Amino acid sequence: MDRFENAADGGDARREMSPSDPAASAAVFLEGDARADTTVMTREVVMEYRMGMAVIRALDGIDLTIPTGEYLSIMGPSGSGKTTLFNVIGGLAKPTAGSVFIDEIDVAQLDAGELAWLRCRKIGYIFQSYNIVKVMTALENVTLPMLFAGVPPDEARDRGADILRRVGLADRLLHTPRELSGGQQQRVAIARAFANRPAIILADEPTANLDLRTGEEIIHLMKEMNREQGVTVICSTHDHKMLDISDRIVWMKDGRIDKLARREDVAIEVSHMAEK
Amino acid sequence: MKAPLETHPKPEAWQIGRLRLRPRLVFAMAVNSLRLRISRTLLTVLTIATASAFLIFLLTLPAQADPAEREGWLLMLGLCLLVSMAGVLNTMLMSITQRYREIGTIKCLGALDGFVLGSVMVEAALLGLVGAGLGLLAGTLLALGLGVAEFGGAAFAHLRFDGFAWKAGLALLTGLLLTTLGAALPAWIASKMPPMEAMRGEK
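Here, residues in each chain are numbered from 1, in the same order as that chain's written sequence. Starting at A for chains and at 1 for ligands, labels are handed out in the order in which the entities are written. Local features in this predicted model are restricted to residues of pLDDT 70 or higher, and side-chain atom pairs are both shown and tallied only at a pLDDT of 80 or more, whereas totals for entire chains, interfaces and linings draw on every residue. Side-chain measures here rest on the full set of heavy atoms in the structure, leaving out hydrogens and waters.

Novice: What am I meant to see in the overall build of chain A here?
Specialist: Looking only at helices and strands, one finds 10 helices and 10 strands in chain A. Looking at the 276 residues of chain A, the share that counts as buried comes to 59%. Within chain A, contacts between residues separated by at least 24 positions form 71% of all contacts whose residues are at least 6 apart in sequence. Calculation of accessible area relied on Shrake-Rupley with a 1.4 Å probe; when residues are assessed, cover is drawn exclusively from the protein chains displayed. About 11,500 Å² of surface is accessible on chain A, with carbon and sulfur atoms providing 51% of the total. Under the DSSP-based scheme used, a helix requires at least four consecutive residues in state H or I and a strand at least two consecutive residues in state E, with every element numbered from the N terminus. For each residue, the accessible area found with a 1.4 Å probe, counting protein chains only, is set against the maximum for its type, and the residue is called buried under 20%, exposed over 50%, and partly exposed in between. Residue contacts are counted whenever heavy atoms from the two residues lie within 4.5 Å of one another.

See below:
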């Protein structure tokens, strides 16, 4: 199978972006020289699951370099390994072989306390099924990661309220998930993911459970946060609307990277198809 | 050209932090969890209180003249105690296993294994102590009330309140052990679970 080396793409990445865009500075790195401007790097990542007697290879050698501030979409049919890759990058599951580097740190080396720090401070997670703690209010959900990080409760409450206001939930601070719609719950999840000003946002099909319009709003909210804060966003999705706002798109198939393209190139492909 | 596969040493320039276990946050989380699930909390407290009340009632039961009658009482109360004990164990087990998904989520947010285990165990211990304390009060009052109703002032002579501190301590300890034992295994399993697996658990 034709395996794309991510670096081939990174090497000539000259984007048409404003200089203020944090991704722009990351756009000119070369392979082997990927240091300060690289947020995530995976090398030969293999993930195998045992299912009874059978061994299932969910990831089959993933090489991916993701520069700081990039908005990367991962597409592919279900069962292609999107979620597994997401879990491995997020330090939620250990790969069978290969390495994952986050800001140059090999995740496999971290002990429990450091891994918890990574999950708490460096990464924000957004899930398909929101995963808001049901018994807590929106504000409590957003303050929790800050409390874990050691932010004093009063400050956490103020900051939590600010972020919730930012995602458009100013009048929903004290509502529990039961009193919120799916889109509102996902906004809480986004606020929670951004609570500790992470370096990476990992979103696993964030719009899959939402209607078209709400999904679009969520996508744009994530893009805005990506632009404002220079956060690297890695988003697995089925949703073609995501392509428009992504910097690069990865297509996965059978646990491998099937194709990797920049948004501009995808746009050309689509227009070609339209001409035919 | 590929980066080597071996694990790299951590670069010095980039300092990774480490989260510590914060006992106050563990305690706050446990109290908050009890508050947020108030109806379940009250129900569990009631079950524990029943067990503890039975126990203290049994221990202070007057030595009857008729040994057969006394034995009958002891058997019945003993069975009631066993049933309420099973109830407490079951309630604790359920309340933790139902929370796997929530536990997976908070681990994604930075909760340490020790935080998960600690907050659940503190929660169980609080439930056990408060429940057993209330049961102790109720059981003692019941024993006194029934005794006074039947024997009048003479009840105080008949009821075995000797070594009451020891008996009360036993009732409290029973409550504590019931809840913590019921919670220990599922809490330990949940705390060791990788976050993703825990989140899948309840779907």
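Novice: Please explain the overall build of chain B as it appears in this structure.
Specialist: The helix and strand inventory of chain B stands at eight helices and zero strands. If you list the helices and strands of chain B from N to C, you get α-α-α-α-α-α-α-α. When the 203 residues of chain B are sorted by exposure, 44% land in the buried category. Considering only contacts within chain B whose residues lie at least 6 apart along the sequence, 86% involve residues at least 24 apart. Carbon and sulfur atoms provide 71% of the accessible area of chain B, an area that totals close to 10,700 Å².

Novice: Would you mind going over the packing of helix 5 (residues 138-148) of chain A against helix 1 (residues 23-36) of chain B with me for this structure?
Specialist: Packed helices, taken two at a time, are described by the angle their axes make and the gap between the axes. All axes are obtained by fitting lines to C-alpha atoms, using only the stretch in contact for helices, and the reported angles, taken between N-to-C directions, cover 0 to 180 degrees. Relative orientation of the contacting elements helix 5 of chain A and helix 1 of chain B amounts to 160°, with a least axis distance of 12 Å. Judged by the angle between their axes, helix 5 of chain A and helix 1 of chain B are roughly antiparallel. As helix 5 of chain A packs across helix 1 of chain B, the resulting crossing turns out to be left-handed. Along its contact with helix 5 of chain A, which presents E140, L144, L147 and F148 of chain A, the element helix 1 of chain B presents L25, M29, N32, R35 and L36 of chain B. In the scheme used here, Gly and all other residues not listed as nonpolar or charged are polar, with Ala, Val, Leu, Ile, Met, Phe, Trp, Tyr, Cys and Pro taken as nonpolar and Asp, Glu, Lys and Arg as charged. Among the residues forming the contact of helix 5 of chain A with helix 1 of chain B, the class breakdown is six nonpolar, one polar and two charged. If an angle is under 35 degrees, it is roughly parallel; if it is over 145, roughly antiparallel; if it lies from 65 to 115, roughly perpendicular; otherwise it is oblique. We call a crossing left-handed when the near helix sits turned anticlockwise from the far one by less than a right angle, and right-handed when that turn is clockwise.

Novice: Sorry if this is basic, but what is going on with the pattern of salt bridges here?
Specialist: Side-chain pairing between opposite charges can occur once the charged atoms of the two side chains come close. Residue and element names in this part refer to chain A. Should a side-chain nitrogen of Lys or Arg be within 4 Å of a carboxyl oxygen of Asp or Glu, the pair is scored as a salt bridge. Throughout the structure, instances matching the rule amount to 23 salt bridges over all chains. Here R187 and E217 are joined by a salt bridge, their closest N and O atoms 2.9 Å apart. Highlighted residues: R187 in helix 7 (residues 182-194) and E217 in helix 8 (residues 212-229), separated in sequence by 30 residues.

Novice: Help me understand the environment of L55 of chain B, please; the structure alone is not making it clear to me.
Specialist: Checked against the element boundaries, L55 of chain B lands in helix 2 (residues 38-60). For L55 of chain B and A168 of chain B, which are 113 residues apart along the polypeptide, the C-alpha to C-alpha distance reads 9.3 Å.

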